[in-house]
Amino acid sequence: MATTQWILAFDRRPGDRSVRDVELICGRLRRLEALSRLPQQVIAHLAHHAFYEDVERGVTLFRQGDIGTSWYMILAGKVEVRAIQDKIGQYEIASISGLKSDPIVDELIKT
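Residues numbered from 1 in each chain as written. Predicted model: local features only at pLDDT ≥ 70, side-chain atom pairs only at ≥ 80, totals over all residues. Heavy atoms only, no water.

Visitor: Would you explain the packing of aromatic side chains in this entry?
Guide: Between two aromatic rings, the relevant description is the distance of the centres plus the angle of the planes. Inspection of the entire model under this criterion finds two aromatic pairs. Geometrically, the ring pair formed by Phe-62 and Tyr-72 is stacked, given 6.0 Å between the ring centres and 20° between the ring planes. With Phe-62 in the loop between helix H3 (40-49) and strand E1 (79-84) and Tyr-72 in the loop between H3 and E1, this pair connects stretches of sequence that are ten residues apart. The class of Phe-62 is exposed, set by a relative accessible area of 55%. The class of Tyr-72 is partly exposed, set by a relative accessible area of 40%. For Arg-13, the ring lying beneath its charged end belongs to Phe-51, and the centroid distance is 3.8 Å. (Phe/Tyr/Trp six-rings, centres within 6.5 Å; stacked < 30°, edge-to-face > 60°. Helix = DSSP H or I, 4+ residues; strand = E, 2+ residues; numbered from the N terminus. Buried < 20%, exposed > 50% of the residue type's maximum accessible area, 1.4 Å probe, protein only. Lys NZ or Arg CZ within 6 Å of the ring centre and 35° of its normal.)

Visitor: Explain the nonpolar core to me, please; I cannot follow it from the model alone.
Guide: One recurring pattern in soluble globular proteins: nonpolar side chains tend to sit buried together. In this structure, Trp-6, Ile-25, Cys-26, Leu-29, Leu-35, Ile-43 and Ala-47 are the most contacted members of the largest nonpolar core, which totals 14 residues. Those elements that provide at least two residues to this core are helix H1 (2-11), helix H2 (19-29) and H3. Discounting chain neighbours no more than four positions away, the residues touching Leu-29 are Leu-35, Ile-43, Leu-46 and Ala-47. (Core = buried A, V, L, I, M, F, W, Y, C linked by side-chain atoms within 4.5 Å. Contact = heavy atoms within 4.5 Å.)

Visitor: Honestly, the side chain of Asp-21 in this entry has me stumped. Any pointers?
Guide: Mapped onto the fold, Asp-21 is located in helix H2. On the basis of relative accessibility, which here comes to 8%, the residue Asp-21 falls in the buried class.

Visitor: Would you take a moment to explain the packing of H2 against H3 for this structure?
Guide: Taken N-terminus to C-terminus, the directions of H2 and H3 make an angle of 125°; their axes are 8 Å apart at the nearest point. By the angle between their axes, H2 is oblique relative to H3. The handedness of the crossing between H2 and H3 comes out as right-handed. On H3, the residues touching Val-22, Ile-25, Cys-26 and Leu-29 of H2 are Gln-40, Ile-43, Ala-44, Leu-46, Ala-47 and His-48. For the contact of H2 with H3, a count of residues per class yields eight nonpolar, two polar and no charged. (Axes fitted to C-alpha atoms, helices over the stretch in contact; angles between N-to-C directions. Parallel < 35°, antiparallel > 145°, perpendicular 65-115°, else oblique. Left-handed = near helix turned anticlockwise from the far one by under 90°. Nonpolar A, V, L, I, M, F, W, Y, C, P; charged D, E, K, R; others polar.)

Visitor: Honestly, the pattern of salt bridges in this entry has me stumped. Any pointers?
Guide: Side chains carrying opposite charge are able to pair once their charged atoms draw close together. Following the criterion strictly, the structure yields two salt bridges and no others. With its nearest N and O atoms 2.9 Å apart, the salt bridge here joins Asp-21 to Arg-12. On the basis of relative accessibility, which here comes to 33%, the residue Arg-12 falls in the partly exposed class. (Salt bridge = Lys/Arg side-chain N within 4 Å of Asp/Glu carboxyl O.)

Visitor: Explanation requested: the side chain of Arg-17 in the structure shown.
Guide: Along the polypeptide, Arg-17 turns up in the loop between H1 and H2. Within polar-contact distance, the side chain of Arg-17 engages the backbone oxygen of Ala-9 at 3.1 Å. In this view, Arg-17 contacts Ala-9, Phe-10, Arg-12, Val-22, Ile-25, Ala-47, His-48, His-49, Ala-50 and Phe-51; residues no more than four positions away in its chain are not counted. (Polar contact = N/O pair within 3.5 Å; in protein donor to acceptor, adjacent residues only side chain to side chain.)

Okay, here's the thing in structure tokens:
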């Protein structure tokens, strides 16, 4: 039951979350290894403002030069980062994949 509750809470947009929703999300985020060293205030901020979004392959999240308005955490899959290195237009490409699986993340992705 608690598993379903935290996923439902995380699925709600931040403005629609209750205090209980934020508490449930905090509890799960604290258990993620990648976030385990963050102060409680940061975890609480993430729990209140972050939301889950499943992005289809090939979607551009932002472009070089865009003003940053979001922070992304990749739970599973692969991301490709391209940056123009010089005025000629040559690209530097970085690819991140093979992300370590986490039971909490797996639980969220399977729903």
